[in-house]
Amino acid sequence: MAQQLDFDLDADDYRRRFARIRESNLLQDDLYGQTMARIQGLQARWGLIRDGGRELGVVQVLERHALSGLLGAVVLDRGPLWLPGIDGAAHAGEFFSAFSRIWPRRIGRRRRT
């Protein structure tokens, strides 16, 4: 089954899963995302990576839109983060395919991954 990215987590749901990850980083911390949202006008979105019903990891994406969505930016810094027991290297390719389905490359959209 193809990986799914569900961006319906709130900061608390994200934080609970983030706390379980031993090798995390500041750029995927929800407090960093909330700070960047305030100072750079970005929207922080917190996602859960799934394969069927199995939770694989979490990801924080920062977005900005202008001109009714014609222009925008998507920022994925140092993510995703994989939950304990998940081999991130084995799932990274599928993750980036799922990411590209949501935010395909196009004129007017800057993607930083």
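Asker: Sorry, what's going on with the nonpolar core here?
Answerer: As a rule of thumb, soluble globular proteins bury nonpolar side chains together. One finds Val61, Phe95 and Phe99 to be the most contacted residues of the largest nonpolar core, which totals 30 residues. At the level of elements, strand E1 (4-9), helix H1 (11-19), helix H2 (30-40), strand E2 (43-51), strand E3 (54-66), strand E4 (71-75), strand E5 (81-82) and helix H3 (88-102) are the ones that each hand at least two residues to this core. Of all the elements, E3 adds the most residues to this core, at 5 residues. Not counting chain neighbours up to four residues away, the residues in contact with Phe95 comprise Gln3, Leu5, Ile49, Val59, Leu76, Pro80 and Trp82.

Asker: Help me understand the packing of H1 against H2, please; the structure alone is not making it clear to me.
Answerer: Helix packing for two helices is described by the angle between their axes and how far apart those axes are. Across the interface, H1 lies against H2 with an axial gap of 10 Å and an inter-helix angle of 140°. Of H2, the residues touching H1 (which contributes Ala11, Tyr14 and Arg15) are Asp30, Leu31 and Gln34. Classifying every residue of the contact of H1 with H2 by side-chain character gives 3 nonpolar, 1 polar and 2 charged.

Asker: What is the right way to look at the packing of aromatic side chains in this model?
Answerer: By convention here, two paired aromatic rings are described through the distance between centres and the angle between planes. According to the stated counting rule, one finds 7 aromatic pairs in the structure shown. Both rings, one in Tyr14 and one in Trp46, keep their centres 6.3 Å apart while their planes meet at 40°; by these two values the pair is tilted. You can see Tyr14 sitting in helix H1 and its partner Trp46 sitting in strand E2, a full 32 residues away along the chain. The residues Tyr14 and Trp46 share a single accessibility class, namely buried. Both rings, one in Phe99 and one in Trp103, keep their centres 5.0 Å apart while their planes meet at 45°; by these two values the pair is tilted. On the basis of relative accessible area, Phe99 is assigned to the buried category, the value being 1%. A connected cluster of aromatic rings, assembled from ring pairs, spans Phe7, Trp82, Phe95, Phe96, Phe99 and Trp103. The ring centre of Phe7 lies 4.8 Å from the NZ or CZ of Arg45, which sits over that ring.

Asker: Would you explain the pattern of salt bridges in this entry?
Answerer: If charged atoms from side chains of opposite charge come close, those side chains can pair. As enumerated under the stated definition, the model contains 7 salt bridges in all. Between Glu55 and Arg17 there is a salt bridge, with its nearest N and O atoms 3.0 Å apart. Highlighted residues: Glu55 in strand E3 and Arg17 in helix H1, separated in sequence by 38 residues. Taking relative accessible area as the criterion, Glu55 reaches 26% and is therefore assigned partly exposed. For Arg45, the salt bridge goes to Glu63, with nearest N and O atoms at 3.0 Å. Residue Arg45 is found in strand E2, and its partner Glu63 is found in strand E3; the two are separated by 18 residues along the sequence. Through salt bridges with shared partners, one network takes in Arg15, Asp29 and Asp30.

Asker: Explanation requested: H1 in the structure shown.
Answerer: Because an α-helix packs 3.6 residues into every turn, residues spaced three or four apart end up facing the same way. Where H1 is concerned, the buried positions are Ala11, Tyr14, Arg17 and Phe18. Looking down the long axis of H1, one finds its buried residues gathered within 130° of arc, a one-sided arrangement. Facing away from the buried surface of H1 by more than 90 degrees, the exposed residues are Asp12, Arg16 and Ala19. Contacts made by the buried residues of H1 are with E1, H2, E2, E3 and E5. Near the N-terminus of H1, the side chain that reaches the backbone nitrogen of Asp12, with its oxygen 3.1 Å away, is that of Asp10.

Rules used throughout
- Residues numbered from 1 in each chain as written.
- Predicted model: local features only at pLDDT ≥ 70, side-chain atom pairs only at ≥ 80, totals over all residues.
- Heavy atoms only, no water.
- Core = buried A, V, L, I, M, F, W, Y, C linked by side-chain atoms within 4.5 Å.
- Buried < 20%, exposed > 50% of the residue type's maximum accessible area, 1.4 Å probe, protein only.
- Helix = DSSP H or I, 4+ residues; strand = E, 2+ residues; numbered from the N terminus.
- Contact = heavy atoms within 4.5 Å.
- Axes fitted to C-alpha atoms, helices over the stretch in contact; angles between N-to-C directions.
- Nonpolar A, V, L, I, M, F, W, Y, C, P; charged D, E, K, R; others polar.
- Phe/Tyr/Trp six-rings, centres within 6.5 Å; stacked < 30°, edge-to-face > 60°.
- Lys NZ or Arg CZ within 6 Å of the ring centre and 35° of its normal.
- Salt bridge = Lys/Arg side-chain N within 4 Å of Asp/Glu carboxyl O.
- Arc of directions from axis to C-beta.
- Polar contact = N/O pair within 3.5 Å; in protein donor to acceptor, adjacent residues only side chain to side chain.

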